[in-house]
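Observations on the model geometry
The lines below spell out each chain.
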Amino acid sequence: MFVGALELDVLLGDVHSLKGKRSMVRPVLAELRRFGVSATEAGHQDLHRRALLGVASAGPDARHVTDILDRCERLVAARPELQLLTARRRIFGPED
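Residues numbered from 1 in each chain as written. Predicted model: local features only at pLDDT ≥ 70, side-chain atom pairs only at ≥ 80, totals over all residues. Heavy atoms only, no water.

Here we take up the pairing of strand S3 (residues 50-59). Two faces belong to every sheet, and in a regular strand the side chains alternate between them. Burial of S3 is extensive: 7 of the 10 residues sit out of reach of the surface. Relative to S3, strand S2 (residues 38-43) runs antiparallel, the two being bridged by 5 bridges. Opposite Ala39, over in S3, you have Val55 as the bridge partner. In this structure, the hairpin formed by S2 and S3 is closed by a connection of 6 residues, where His44 is found at a positive phi of approximately 60 degrees. (Buried < 20%, exposed > 50% of the residue type's maximum accessible area, 1.4 Å probe, protein only. Helix = DSSP H or I, 4+ residues; strand = E, 2+ residues; numbered from the N terminus. Pairing = 2+ DSSP bridges.)

Across all of its chains, the model carries 7 salt bridges by this definition. A salt bridge links Arg89 to Glu73; the shortest N-O distance between them is 2.8 Å. With Arg89 in strand S4 (residues 82-92) and Glu73 in helix H2 (residues 62-78), this residue pair connects regions lying 16 residues apart in the sequence. Between Glu81 and Arg79 there is a salt bridge whose closest N-O contact spans 2.7 Å. Residue Arg79 is classed as buried on the basis of its relative accessible area of 17%. (Salt bridge = Lys/Arg side-chain N within 4 Å of Asp/Glu carboxyl O.)

Turning next to the packing of helix H1 (residues 18-33) against H2. Where H1 meets H2, the axes come as close as 10 Å, and the angle between the chain directions of the two elements is 150 degrees. Taken together, the axis directions place H1 and H2 in an arrangement best described as roughly antiparallel. The handedness of the crossing between H1 and H2 comes out as right-handed. Between H1 and H2, the residues in contact are Val28, Glu31 and Leu32 and Cys72, Leu75 and Val76, respectively. For the contact of H1 with H2, the residue count by class is 5 nonpolar, no polar and 1 charged. (Axes fitted to C-alpha atoms, helices over the stretch in contact; angles between N-to-C directions. Parallel < 35°, antiparallel > 145°, perpendicular 65-115°, else oblique. Left-handed = near helix turned anticlockwise from the far one by under 90°. Contact = heavy atoms within 4.5 Å. Nonpolar A, V, L, I, M, F, W, Y, C, P; charged D, E, K, R; others polar.)

The antiparallel open sheet is built from 4 strands, whose spatial order is S2-S3-S1-S4. Both outer strands of the open sheet, S2 and S4, are each paired with one neighbouring strand and no more. Going across the sheet, the axis of each strand differs from the next one's by a mean of 20 degrees, ignoring polarity. In the sheet, strand S1 (residues 2-12) pairs with S3 via 10 bridges, with the strands oriented antiparallel. Residue Gly4 lies in a different strand from S3, and its bridge partner there is Ser57. Across the sheet, H1 touches S1, S2, S3 and S4, and the angle it forms with S2 is around 145 degrees. Across the sheet, H2 lies against S1, S3 and S4, angled at about 170 degrees from S4, the strand it touches most.

These values are about where atoms sit, not about what they do.
Below, the structure written as structure tokens:
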């Protein structure tokens, strides 16, 4: 079994409150979960224009996990209301 973790640091567009931030982040997380991953806001909760999204996936081989995390990263990068600042990923396998 392989487990992959992806951190996406994003800058939000025209947001002026934490309530506005939640209304932008919540649909993105729901869309990510359609890929069968766990997704959450994992950081920057006190900043209204930044979000750190965490995504985790498990699968039978590293290729499968990498493909899913690639799709998640592309989905977030394609959102016009978000600017993807950084993406960090790690894949853990049986030897780790």
